[in-house]
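Descriptive analysis of the structure
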Amino acid sequence: MQDKVVVIVGATGGIGSALTHKLAPTGVRLVLAARDAVRLTTLADDLPGQVLSVPTDITDPKQVDTLIKKTIAEFGQIDILVNAAGAGILKPYNSLEPADLDKMLDVNLKGSFYTTQAAAEEMQKRKSGHICNVVGILGKHSMGMAAAYSASKFGVVGFSKCMAEELKRFGIKFTLFYFGGVDSPFWDNVNLKVDRKKMLSPETAANAIFFALSAEPQAVPMEINIQPDSHLFF
């Protein structure tokens, strides 16, 4: 991992933050992206090594383009992209407003697509790269109250698999992560009764991503599915 350039989108979230602390001591060069500039700066100041923070709203393609350009200007390359950003709206299908669906598609689907597309363009030039999209278990299995959320996450799976087919000849790997409930700020504004003590920790999710990134060059960990034993999908 030494000297690899790792772009983490959603760096200030539960999984993203845990991953930055896992990766920083390994000698990687980190690029942190999130919307909140203050929290992003605080996180970057707490990490050792070379860290670039770029406040970014991934729903805006121009801001995503700026993120990639600043990464290349600072470090010259992108080796790894981790899409860990996301938003959650869980409510009955007939209570969903058009704005709810727009938000799920804009953040979870379009935002992930824009960042994946932009990073892949740079990786393709070097014929090397690894893209990690944190999908969540509701991108593989359906659940009541999650119509808009699952629609966005199933979409991420769809475009990721299509792009993986197109880009494998350029040496670009894709790994999809289907984590069950993770005790992160994601749940702070979700109006559902959940026992967060029984969820996965952000550190468990970060360890799984680190495992995928540390795999030997010829190995492609295509999908990783980890769920709490209190809530299993098969």
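Residues numbered from 1 in each chain as written. Predicted model: local features only at pLDDT ≥ 70, side-chain atom pairs only at ≥ 80, totals over all residues. Heavy atoms only, no water.

- Under an unreviewed UniProt entry, the name given to the protein chain is Oxidoreductase, and the source organism is Nostoc cf. commune SO-36.
- Turning to the protein chain, the UniProt annotation filed under Sequence similarities (unreviewed entry) states: "Belongs to the short-chain dehydrogenases/reductases (SDR) family." (UniProt positions renumbered as here; feature names shortened; annotations may be inferred.)

As for the sheet that holds strand E5 (residues 129–134)
- Spatial strand order, E3-E2-E1-E4-E5-E6-E7: seven strands in an open sheet with parallel pairing. Taken across any chain shown, the strands that pair with only one partner, and hence form the sheet edges, are strand E3 (51–55) and strand E7 (223–226). Averaged over neighbouring strand pairs, the angle between their axes works out to 15° when direction is ignored.
- Two strands pair when backbone bridges link them, and E5 and strand E6 (residues 172–179) are joined in this way by six bridges, in the parallel orientation. Counterpart to Cys132 in the pairing with E6 is Thr175.
- Running at roughly 160° to strand E1 (residues 5–9), helix H1 (residues 14–23) makes contact with E1, strand E2 (29–34), strand E4 (80–83), E5 and E6 of the sheet.
- Running over the sheet, helix H5 (residues 147–167) touches E5, E6 and E7 and is turned about 160° from E6. (Pairing = 2+ DSSP bridges. Helix = DSSP H or I, 4+ residues; strand = E, 2+ residues; numbered from the N terminus. Axes fitted to C-alpha atoms, helices over the stretch in contact; angles between N-to-C directions. Contact = heavy atoms within 4.5 Å.)

Quick notes on the pattern of salt bridges
- Counting across every chain of the model gives eight salt bridges.
- A salt bridge links Arg126 to Asp79; its shortest N-O distance comes to 3.1 Å. Residue Arg126 is found in helix H4 (residues 98–126), and its partner Asp79 is found in the loop between helix H3 (61–75) and E4; the two are separated by 47 residues along the sequence.
- Residue classification places Arg126 among the partly exposed positions, given a relative accessible area of 39%.
- Across the pair Lys125 and Glu122 runs a salt bridge whose closest N-O atoms are separated by 3.1 Å. Of the two residues, Lys125 and Glu122 both sit in helix H4, three residues apart, roughly one turn of that helix.
- Here the salt bridges share partners, and the residues they tie into one network are Lys140, Lys161 and Glu223. (Salt bridge = Lys/Arg side-chain N within 4 Å of Asp/Glu carboxyl O. Buried < 20%, exposed > 50% of the residue type's maximum accessible area, 1.4 Å probe, protein only.)

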